[in-house]
Amino acid sequence: MSEKLATYQKMRDFSATPEPAGVVFENLDGRRRFVVQRHRATRLHYDLRLEIGGVLVSWAVPKGPSLDPARKNLAVKVEDHPYAYGWFEGNIGSGYGKGDVIVWDDGWWEPDPEYPDSADPERAVAAGELKFVLHGKKLRGRYVIVKTGGRPKTRGGASGKEDDQWLLIHKKDADAVPGWDPEDHPHSVLSNRTNPDVVAGKPGVWVGPTKAELKALDAIHEKGQWTIAGETTLLTNLDKVFMPGRDGEPPIVKRDIVRYYAQIAPWMSPYLSGRPVNFNRFPDGIVGAKKGFWHKAVPTHAPDFIRRWPNPRASTGETRDYMLVDGAPALVWAANFAGIEMHPWTSTAANPDQPSYALVDIDPGPNTTWDETLTMARLFRVAMQQLDLTARAKVTGQRGIQIWIPIRSGYTFRQTSDFVEALSRTVGRVVPELVSWNWTKSDRKGLARLDYTQNQVNKTLVAPYSMRPAAGGPVSVPIEWDELDDPRLAPNRWTIRDVMARLKKVGDPFAALVGVEQDLPTL
Ligand code: MN
C-alpha cells in the first residue's frame, strides 16, 4: 500500500516544499473525504481529489469542476496524493507544482448508489469510469468522471499531461446549475482566502454574528435552533448557570458562553483553523466544584459542518477522529457541547509532525507571586529582542503567562522542544531562586516551572481567546510586550464580558505572528 505514494514522494523535495509528505492509511469512519484545490501553477487548474483506498486519487481539471451539466471538463489524472494534502494551503516556492494552493471546496463523497459498477471505486477508476455524488460546500450532486484516452502514466513519470485524459461531467439533477462557473467562487472554504491572499501571506478571514443573529439568539428560550453564518445548530440548556460571576456580577449561563464564542470567532479562528482541537469539557459548569474532562474524539452526533480529521498516527485505543474547529458555526456548536476550554494542536492536520510555533510556558508554582511571574516573562522578552525573534505573550486566564514564537515550516517537535528548553534554562539561570527543574510537583517546593515539554505532538496549550473554567469566565488573552509593565495587568484580568471591548480598542497582538516564518536561532 505504501507504494501508492511513491510517485508523489519522488516528485517532491520535502526539505524545500511546505507540502506534507503524508502516509497511506485507511479512513475508518466510513465517510470518504473529497477536496478541490485551486492551484495557480505554470497553468491555473483545479485539483479534484477523492479519498479512495487510503489516498486522495487526483485529477487536474484546467477549467475547474462545475455544477453546469453542459460543461464537459477535461481532467488529467495525476499522481495519488496523501490524505493530509486535503488540508494544505500555501505557497510552493520552488520545484514541482510551484505556485499557490487554496482548499477551494471540501466535504464528503460517495459512489453513486444507482450504479453498481461504481460501488468499488478503486476498481471503477481502474476501469476508466466512476459515478459519484459530492457533498461539498460548493459542489453538490451527481457526477461522472470517465477516461477518454491516453496511455496509463509511465512509472514515476512527470505530470503526464497528454497521457491520462478524462472528462468530468455534472449530471442533470436537482443540484445542477446551468452557467455555474468556478471562477465566480474564488475563496477558500478553509480560510476564506483567495490565491493572491495566500501569496501575500494574509491570514484567514472569518465572520462573526450579525446583530440580527444575536437578537435571534436572545429570543431562544432555553432550547432551540440557531442559524449563524449560514449554518444551523441546536442549542440546549441556554439558561443553565455554568459559573458564578465575578465581583457581584450575575452568574454566567450557557447563553453567555455561546454568545462569546460566536463573537470571538473572527479573532480566535486564525489560531484554530486547520488544527485538531482537544476540549476540556464542563457539561455542568463549575458550579458545586464540578470537574471537567478531556474530550478529543468527534462525537457521532456532530453536524456535517464540523470537519473531521482522522489522525493517521493514532495507535489502537487512542483517539482517531478529531474535530477541526474554526468559524462561528463550529465554535458555537463546540460551546453548546460545553467544550469550554479549547486546546489546539501546535501542528496542523496537513502536517501533524511539524509544529508551527515554539511555545514557552511559564507555569507558576503555589509559592510564585504574580510579580515573579512577570519578572520571568520580562526575561523572555529580553531574550526575544536579543535573538531578534518575533514573538508575543499571552496571559493564560489562570495564573501563568505563555509565549508563542512562530516558526517556518520544516522543524520537528524535537527541535522546538530543544530550543525552548535551552531558552528556558538560560532564563532560569538568571533567577534560580524562582524556578525548579524537578519533574514532580512535590519536589518543586512551590517554585515555578518553565515547561518546554508541551512542544510535542498532541500536547497542547490553551488557545488564544479560549475561556477558562473559573468564576467570571476569564479568558486567555494575547498582550503586547509593553503591557508586561502595566500595573493593571493580571493573569485573569479579562473575562468573556470584556474581551470584545479590549479587541475593539487595541486589536489582537497575536496578529503580528500570523504568517511569520522564522528560523530558530542556535543557542
Ligand atoms: Mn495541482
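Provided above is the structure to which this section pertains.
Residues numbered from 1 in each chain as written. Predicted model: local features only at pLDDT ≥ 70, side-chain atom pairs only at ≥ 80, totals over all residues. Heavy atoms only, no water.

Colleague: Quick one: what's the story with the sheet that holds strand β21 (residues 401-406), residue by residue and with numbers?
Modeller: Spatial ordering of the open sheet is given by β22-β19-β21-β20-β23, a layout of 5 strands whose pairing is antiparallel. Of all the strands in the sheet, just β22 (449-450) and β23 (477-479) have a single pairing partner and so form its edges. In this sheet, β21 lies alongside strand β19 (residues 357-363) in antiparallel orientation, the contact comprising 6 bridges. Note that in β21 the partner of L359 across the bridge is W404. Most of the contacts of helix α7 (residues 370-386) go to β21, to which it runs at about 15°, and overall it touches β19, β20 (392-395), β21 and β22. (Pairing = 2+ DSSP bridges. Helix = DSSP H or I, 4+ residues; strand = E, 2+ residues; numbered from the N terminus. Contact = heavy atoms within 4.5 Å. Axes fitted to C-alpha atoms, helices over the stretch in contact; angles between N-to-C directions.)

Colleague: Residue-level account of the nonpolar core, with values.
Modeller: Residues Y261 and I405 are the most contacted members of the largest nonpolar core, which totals 89 residues. The element best represented in this core is helix α5 (residues 254-268), accounting for 8 residues. Residues lining this core come from more than one domain, with at least three contributed by each of domain 2 (203-344) and domain 3 (353-523). Ignoring anything within four residues of it in the chain, the contact list for I405 reads S356, Y357, A358, V360, M384, L389, T390, A391, F419, L423 and Q518. (Core = buried A, V, L, I, M, F, W, Y, C linked by side-chain atoms within 4.5 Å. Buried < 20%, exposed > 50% of the residue type's maximum accessible area, 1.4 Å probe, protein only. Domains from an automatic or database assignment.)

Colleague: So, the packing of α5 against helix α9 (residues 499-506): which residues are in play, and what are the values?
Modeller: It is the contact of α5 with α9, at a shortest axis distance of 10 Å, that shows an interaxial angle of 25°. Between α5 and α9, the angle is such that the two are roughly parallel. Like other packed secondary-structure pairs, α5 and α9 cross with a definite hand, here left-handed. On α9, the residues touching Y260, Q263, I264 and W267 of α5 are V499, M500 and L503. Of the residues that constitute the contact of α5 with α9, the class distribution is 6 nonpolar, 1 polar and no charged. (Parallel < 35°, antiparallel > 145°, perpendicular 65-115°, else oblique. Left-handed = near helix turned anticlockwise from the far one by under 90°. Nonpolar A, V, L, I, M, F, W, Y, C, P; charged D, E, K, R; others polar.)

Colleague: Talk me through the coordination of the manganese ion; I want residue IDs and the actual numbers.
Modeller: For the manganese ion, the full set of protein donor atoms is H39 (ND1), H45 (NE2) and D47 (OD), and the range of their distances to it is 2.2 to 2.3 Å. Expressed as a motif, the donor residue spacing for the manganese ion is H-x5-H-x1-D. You can call H39 buried: its relative accessible area is 8%. (Donors = N, O, S within 2.8 Å, 3.2 Å for Na, K, Ca; no water.)

Colleague: So what about the pairing of strand β16 (residues 307-310)? Which residues, and what values?
Modeller: Neither face of β16 is left uncovered, since the one carrying R307 and W309 and the one carrying R308 and P310 both have all their residues buried. Taken together, the 4 bridges between β16 and strand β17 (residues 321-324) define a ladder with antiparallel strand orientation. Residue pairing in the sheet places W309 in a bridge with Y322 of β17.

Colleague: Could you give me a rundown of the environment of A41, with the residues and numbers involved?
Modeller: Note that A41 resides in the loop between β1 (32-40) and β2 (44-52). With 55 residues separating them in the primary sequence, A41 and Y96 have C-alpha atoms 9.0 Å apart. With sequence-adjacent residues up to four places away left out, A41 is seen in contact with G97, K98 and G99.

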